[in-house]
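Structure at a glance
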Amino acid sequence: MEGKRMQFSFQLMNEKDAVAVLSWHYEEPYAIYNMADDFLDIAAAKADMLDRRSPHYSVRNEQGELIGFFSFGSSGYVTAYDEPHLYSENNTITFGLGLRPDLTGQSKGLGLAFVNAGLDFARQQFAPDFFRLFVMTFNERAIKVYEQAGFQHVRVFKRVYQGHKDEFLEMSRPA
């Protein structure tokens, strides 16, 4: 994969892809990212993924396989929000992402290529001034990828959700 530019295609999340993403299963210590375990109401989770006010995009590789997703706007937050929305202060786009579990941690540059493709897509689609993301502090391999993509550490904070105390790192960068 090195030396060859990987091609990814983005499309608004559809119901079939949302169901597929919700069924992904990550092994420990990344099992916390298993969405089916995280949401008490799978129908609500699917509805969130299909809400265009804070859109989710399916990402496919050159063979047309679903390999990941990006969410843009308030769906990338790890704190509560009232109404779904795309932009926050200073024309900032917050985003979240997920790479299919069998493709994570392979040290072949896929993670960085995937993140950079998502940033390129968001620049073209939304024209933000800044990007922001939140990552759990234990996820060192993701943090390393985000740093390689130019993200800087902003702050660390704790969140209590469904009885779990999680620590998050907020990261940002200019678009």
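Up top is the structure these notes are about.
Residues numbered from 1 in each chain as written. Predicted model: local features only at pLDDT ≥ 70, side-chain atom pairs only at ≥ 80, totals over all residues. Heavy atoms only, no water.

A look at the side chain of Arg60
Mapping Arg60 onto the fold places it in strand β2 (residues 56-60). Here the side chain of Arg60 touches Asp17 through a polar contact of 2.9 Å, side chain to side chain. Of note is the side chain of Arg60, whose polar atom sits 3.1 Å from the backbone oxygen of Gly64. The contacts of Arg60, once residues within four sequence positions are left out, are Gln7, Phe8, Ser9, Gln11, Asp17, Glu65, Leu66 and Ile67. (Helix = DSSP H or I, 4+ residues; strand = E, 2+ residues; numbered from the N terminus. Polar contact = N/O pair within 3.5 Å; in protein donor to acceptor, adjacent residues only side chain to side chain. Contact = heavy atoms within 4.5 Å.)

Looking at the pairing of strand β3 (residues 66-72)
Taking burial as the measure, the seven residues of β3 include seven buried ones, the bulk of the element. Adjacent in sequence and paired antiparallel, β2 and β3 are bridged by five residues, among which Gly64 carries a positive phi angle near 85°. Across five bridges, β3 lies against strand β5 (residues 92-99) in antiparallel orientation. For Phe72, the partnering residue across the bridge sits in β5 and is Phe95. (Buried < 20%, exposed > 50% of the residue type's maximum accessible area, 1.4 Å probe, protein only. Pairing = 2+ DSSP bridges.)

Some thoughts on the environment of Tyr26
Position of Tyr26 among the secondary structure elements: in the loop between α1 (15-22) and α2 (35-38). Judged by its relative accessible area of 11%, Tyr26 falls in the buried class. Each C-alpha atom of the pair Tyr26 and Ala113 lies 20 Å from the other, and the pair is 87 residues apart in sequence. Beyond its immediate stretch of four places on either side in the chain, Tyr26 contacts Ala31, Tyr33, Asn34, Gly98, Leu99, Arg100, Pro101 and Thr104.

Structural notes on unusual backbone geometry
With omega at 5°, the peptide bond leading from Glu28 into Pro29 counts as cis. Within the element layout of this structure, Pro29 appears in the loop between α1 and α2. At Asn90, a position not held by glycine, the phi torsion is positive, near 55°. Its location among the elements puts Asn90 in the loop between β4 (87-88) and β5. Looking at Asn90, the relative accessible area reads 58%, which means it is exposed. Phi is positive for Ala127, which is not a glycine, with a value near 50°. Structurally, Ala127 is set in the loop between α4 (110-126) and β6 (130-136).

Here we look at the nonpolar core
Formed by 30 residues in total, the largest nonpolar core has its most connected members in Phe72, Phe95, Val135, Tyr146, Phe151 and Met171. Per-element tally for this core: the top contributor is α4, with eight residues. If you look at the next biggest cluster of nonpolar residues, it comprises 12 residues, including Ala18, Val21, Tyr30 and Ala45. (Core = buried A, V, L, I, M, F, W, Y, C linked by side-chain atoms within 4.5 Å.)

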